Amino acid sequence: MMNLEGGERQAETAAHVVEFELGNEVCAIDIDAVDSIVESKQVTRVPRAPDAVEGVMDLRGETTAIVDPREFLAIEGDLASDNILVLDRADDKQKIGLRVAEVTEVSEYADVQVDTGEDVSRIGTAAVERDLVKGVIRKLTEELDEDEDIEDADVDLVLWLDIDRLIGAVADDENGDTPRA
(Lines give C-alpha, C1' and ligand atoms only; values in the text may rest on other atoms or scores of the structure.)
Protein backbone atom coordinates (compact mmCIF):
# COMPACT_ATOMS: atom_id res chain seq x y z
CA MET A 1 0.00 0.00 0.00
CA MET A 2 1.36 3.43 -0.94
CA ASN A 3 1.59 6.16 1.61
CA LEU A 4 0.36 9.39 0.05
CA GLU A 5 0.69 11.43 3.24
CA GLY A 6 4.47 11.75 3.24
CA GLY A 7 6.75 13.43 0.75
CA GLU A 8 6.09 16.69 -0.98
CA ARG A 9 2.54 17.88 -0.91
CA GLN A 10 0.98 19.72 -3.77
CA ALA A 11 0.01 23.30 -3.03
CA GLU A 12 -3.70 23.77 -2.44
CA THR A 13 -5.47 24.44 -5.74
CA ALA A 14 -7.27 27.75 -5.47
CA ALA A 15 -8.56 27.94 -9.03
CA HIS A 16 -9.35 25.29 -11.66
CA VAL A 17 -10.37 27.37 -14.66
CA VAL A 18 -10.98 27.63 -18.39
CA GLU A 19 -8.98 30.56 -19.77
CA PHE A 20 -10.08 32.59 -22.76
CA GLU A 21 -9.35 35.80 -24.59
CA LEU A 22 -11.94 38.53 -24.49
CA GLY A 23 -10.98 41.60 -26.46
CA ASN A 24 -7.60 42.69 -25.12
CA GLU A 25 -7.91 40.76 -21.84
CA VAL A 26 -7.31 37.19 -20.74
CA CYS A 27 -10.14 35.99 -18.50
CA ALA A 28 -11.07 32.74 -16.79
CA ILE A 29 -14.11 31.07 -15.28
CA ASP A 30 -14.40 28.00 -13.09
CA ILE A 31 -14.21 24.80 -15.12
CA ASP A 32 -17.23 23.46 -13.21
CA ALA A 33 -19.36 26.24 -14.73
CA VAL A 34 -18.59 25.15 -18.32
CA ASP A 35 -20.67 22.54 -20.10
CA SER A 36 -19.00 22.69 -23.51
CA ILE A 37 -17.23 24.84 -26.06
CA VAL A 38 -19.03 25.14 -29.39
CA GLU A 39 -18.86 27.13 -32.59
CA SER A 40 -21.51 29.77 -33.02
CA LYS A 41 -24.32 29.04 -35.43
CA GLN A 42 -26.90 31.53 -36.60
CA VAL A 43 -27.84 33.86 -33.75
CA THR A 44 -31.36 35.32 -33.80
CA ARG A 45 -31.76 38.78 -32.26
CA VAL A 46 -34.30 39.11 -29.46
CA PRO A 47 -36.35 42.34 -29.32
CA ARG A 48 -35.76 44.52 -26.23
CA ALA A 49 -32.98 42.25 -24.95
CA PRO A 50 -30.19 43.90 -22.94
CA ASP A 51 -27.21 45.12 -24.98
CA ALA A 52 -25.05 42.26 -23.67
CA VAL A 53 -27.45 39.63 -25.06
CA GLU A 54 -26.68 39.08 -28.75
CA GLY A 55 -29.67 36.82 -29.19
CA VAL A 56 -30.42 33.11 -29.12
CA MET A 57 -29.26 30.08 -31.07
CA ASP A 58 -30.38 26.49 -31.32
CA LEU A 59 -27.83 24.24 -29.64
CA ARG A 60 -28.61 20.53 -29.84
CA GLY A 61 -32.34 21.30 -29.83
CA GLU A 62 -32.11 23.66 -26.87
CA THR A 63 -32.54 27.44 -27.10
CA THR A 64 -29.33 29.02 -25.82
CA ALA A 65 -28.97 32.72 -25.00
CA ILE A 66 -25.70 34.16 -26.35
CA VAL A 67 -24.10 36.81 -24.13
CA ASP A 68 -21.21 39.14 -24.97
CA PRO A 69 -19.58 39.69 -21.56
CA ARG A 70 -17.47 42.63 -22.79
CA GLU A 71 -20.52 44.84 -22.27
CA PHE A 72 -20.32 44.44 -18.49
CA LEU A 73 -16.58 44.21 -18.19
CA ALA A 74 -15.88 47.34 -20.27
CA ILE A 75 -13.27 45.41 -22.24
CA GLU A 76 -11.99 46.97 -25.44
CA GLY A 77 -11.03 45.05 -28.55
CA ASP A 78 -12.69 43.12 -31.32
CA LEU A 79 -14.69 40.00 -30.82
CA ALA A 80 -14.47 38.46 -34.26
CA SER A 81 -15.13 34.97 -33.02
CA ASP A 82 -17.33 31.93 -33.38
CA ASN A 83 -16.33 30.48 -29.98
CA ILE A 84 -19.10 30.01 -27.44
CA LEU A 85 -18.51 28.79 -23.87
CA VAL A 86 -21.78 27.06 -22.95
CA LEU A 87 -22.43 27.33 -19.23
CA ASP A 88 -23.58 24.54 -16.97
CA ARG A 89 -25.49 26.20 -14.13
CA ALA A 90 -28.27 24.26 -12.44
CA ASP A 91 -30.46 27.28 -11.69
CA ASP A 92 -30.61 28.73 -15.21
CA LYS A 93 -34.03 28.59 -16.86
CA GLN A 94 -32.32 28.28 -20.23
CA LYS A 95 -28.83 27.51 -21.44
CA ILE A 96 -26.45 30.48 -21.62
CA GLY A 97 -23.41 30.79 -23.85
CA LEU A 98 -20.62 33.38 -23.53
CA ARG A 99 -19.07 34.61 -26.77
CA VAL A 100 -15.30 34.64 -26.32
CA ALA A 101 -12.48 35.47 -28.73
CA GLU A 102 -10.53 32.26 -28.18
CA VAL A 103 -10.42 29.53 -25.54
CA THR A 104 -6.73 29.18 -24.73
CA GLU A 105 -6.36 26.53 -22.02
CA VAL A 106 -7.60 24.77 -18.91
CA SER A 107 -5.38 25.45 -15.89
CA GLU A 108 -5.03 25.00 -12.16
CA TYR A 109 -3.51 27.69 -9.96
CA ALA A 110 -2.22 27.53 -6.40
CA ASP A 111 -3.28 29.93 -3.62
CA VAL A 112 -0.09 31.99 -3.99
CA GLN A 113 -1.00 32.79 -7.60
CA VAL A 114 -4.49 34.10 -6.86
CA ASP A 115 -5.25 37.53 -5.43
CA THR A 116 -8.68 38.00 -3.93
CA GLY A 117 -10.41 40.52 -1.68
CA GLU A 118 -8.32 43.56 -0.79
CA ASP A 119 -5.48 42.56 -3.12
CA VAL A 120 -7.82 42.81 -6.11
CA SER A 121 -9.24 46.23 -5.30
CA ARG A 122 -5.88 47.80 -6.22
CA ILE A 123 -6.41 46.74 -9.83
CA GLY A 124 -8.59 49.33 -11.52
CA THR A 125 -10.73 47.55 -14.06
CA ALA A 126 -14.46 47.85 -14.62
CA ALA A 127 -14.87 44.15 -13.79
CA VAL A 128 -13.26 44.69 -10.38
CA GLU A 129 -15.20 47.89 -9.74
CA ARG A 130 -18.50 46.19 -10.57
CA ASP A 131 -17.59 43.24 -8.32
CA LEU A 132 -17.72 40.74 -11.18
CA VAL A 133 -14.42 38.99 -10.41
CA LYS A 134 -13.54 36.32 -7.88
CA GLY A 135 -9.91 37.29 -8.12
CA VAL A 136 -6.94 37.99 -10.31
CA ILE A 137 -4.65 35.12 -11.26
CA ARG A 138 -0.90 35.66 -11.63
CA LYS A 139 0.00 33.42 -14.55
CA LEU A 140 3.74 32.79 -14.70
CA THR A 141 5.35 33.65 -18.01
CA GLU A 142 8.41 31.55 -17.15
CA GLU A 143 9.49 28.95 -14.59
CA LEU A 144 10.34 30.29 -11.13
CA ASP A 145 13.82 29.77 -9.75
CA GLU A 146 13.78 27.99 -6.38
CA ASP A 147 14.72 31.15 -4.50
CA GLU A 148 12.40 33.42 -6.50
CA ASP A 149 9.12 34.63 -5.00
CA ILE A 150 5.98 34.90 -7.16
CA GLU A 151 5.80 38.58 -6.18
CA ASP A 152 9.03 39.16 -8.13
CA ALA A 153 8.25 36.89 -11.09
CA ASP A 154 7.13 37.93 -14.55
CA VAL A 155 3.41 37.25 -14.72
CA ASP A 156 0.43 37.91 -16.94
CA LEU A 157 -2.73 38.89 -15.07
CA VAL A 158 -5.86 36.84 -15.75
CA LEU A 159 -9.27 38.11 -14.60
CA TRP A 160 -11.00 35.25 -12.77
CA LEU A 161 -14.66 36.10 -13.44
CA ASP A 162 -17.48 35.37 -11.03
CA ILE A 163 -19.85 33.85 -13.57
CA ASP A 164 -22.87 33.94 -11.22
CA ARG A 165 -22.47 37.68 -10.66
CA LEU A 166 -21.83 38.31 -14.36
CA ILE A 167 -25.00 36.48 -15.42
CA GLY A 168 -26.82 38.20 -12.54
CA ALA A 169 -25.71 41.57 -13.94
CA VAL A 170 -27.12 40.64 -17.36
CA ALA A 171 -30.44 39.64 -15.74
CA ASP A 172 -30.52 42.86 -13.68
CA ASP A 173 -29.89 44.89 -16.83
CA GLU A 174 -32.78 43.10 -18.53
CA ASN A 175 -35.13 43.68 -15.58
CA GLY A 176 -34.03 47.29 -15.14
CA ASP A 177 -34.91 48.21 -18.71
CA THR A 178 -38.50 49.19 -17.98
CA PRO A 179 -40.06 51.73 -20.35
CA ARG A 180 -40.62 55.16 -18.89
CA ALA A 181 -43.98 56.89 -19.33
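Residues numbered from 1 in each chain as written. Predicted model: local features only at pLDDT ≥ 70, side-chain atom pairs only at ≥ 80, totals over all residues. Heavy atoms only, no water.

Undergrad: Just give me the short version of the sheet that holds strand 8 (residues 102-110), but keep the residues and values in it.
TA: One open sheet holds the 6 strands; their spatial order is 8-1-2-11-10-9, and the pairing between them is mixed. Among the strands making up the open sheet, the edge pair consists of strand 8 and strand 9 (114-115). Across 7 bridges, the pairing between strand 10 (residues 133-140) and strand 11 (residues 155-161) is antiparallel. Paired with isoleucine 137 across the bridge in strand 11 is valine 158. (Pairing = 2+ DSSP bridges. Helix = DSSP H or I, 4+ residues; strand = E, 2+ residues; numbered from the N terminus.)

Undergrad: Report on the pattern of salt bridges, specifying residues and quantitative values.
TA: When the charged atoms of two side chains lie near each other, side chains of opposite charge can form a pair. Enumeration according to the criterion identifies 10 salt bridges in this entry. Residue lysine 134 is joined to aspartate 30 by a salt bridge in which the shortest nitrogen-to-oxygen separation is 2.3 Å. With lysine 134 in strand 10 and aspartate 30 in strand 2 (residues 25-30), the pair connects residues that are 104 residues apart, well separated along the chain. Here lysine 134 falls in the partly exposed class, since its relative accessible area comes to 33%. (Salt bridge = Lys/Arg side-chain N within 4 Å of Asp/Glu carboxyl O. Buried < 20%, exposed > 50% of the residue type's maximum accessible area, 1.4 Å probe, protein only.)

Undergrad: Provide a residue-level description of the nonpolar core, including the pertinent values.
TA: Judged by nonpolar contacts, the single largest core of 29 residues is most densely connected at Phe20, Ile29, Leu85, Leu98, Leu161 and Ile163. Listed by contribution, the elements that provide at least two residues to this core are strand 1 (13-22), strand 2, helix 1 (70-73), strand 6 (83-87), strand 7 (95-100), strand 10, strand 11 and helix 4 (163-175). In terms of residue count, the dominant contributor to this core is helix 4 (5 residues). Those residues within four positions of leucine 85 in sequence are excluded, and the remaining contacts are Val18, Phe20, Ile29, Val34, Ser36, Ile37, Ile96, Gly97, Leu98, Val100 and Val103. One finds Val17, Val114, Val158 and Trp160 within the second-largest nonpolar core, a separate group that totals 8 residues. (Core = buried A, V, L, I, M, F, W, Y, C linked by side-chain atoms within 4.5 Å. Contact = heavy atoms within 4.5 Å.)

Undergrad: Quick one: what's the story with the pairing of strand 2, residue by residue and with numbers?
TA: In this sheet, strand 2 lies alongside strand 1 in antiparallel orientation, the contact comprising 6 bridges. Bridged to valine 17 within strand 2 is aspartate 30. Where strand 1 hands over to strand 2, the hairpin turn is made up of 2 residues, of which glycine 23 adopts a positive phi near 60°. Sheet topology places strand 2 next to strand 11; 2 bridges connect them, and they run parallel. Bridge assignment links alanine 28 to a residue of strand 11, and that residue is tryptophan 160.

Undergrad: Now, about the side chain of glutamate 19: what can you tell me, with residues and values included?
TA: Structurally, glutamate 19 can be placed in strand 1. Of the polar contacts made by the side chain of glutamate 19, one reaches the side chain of serine 107; its length is 3.0 Å. (Polar contact = N/O pair within 3.5 Å; in protein donor to acceptor, adjacent residues only side chain to side chain.)

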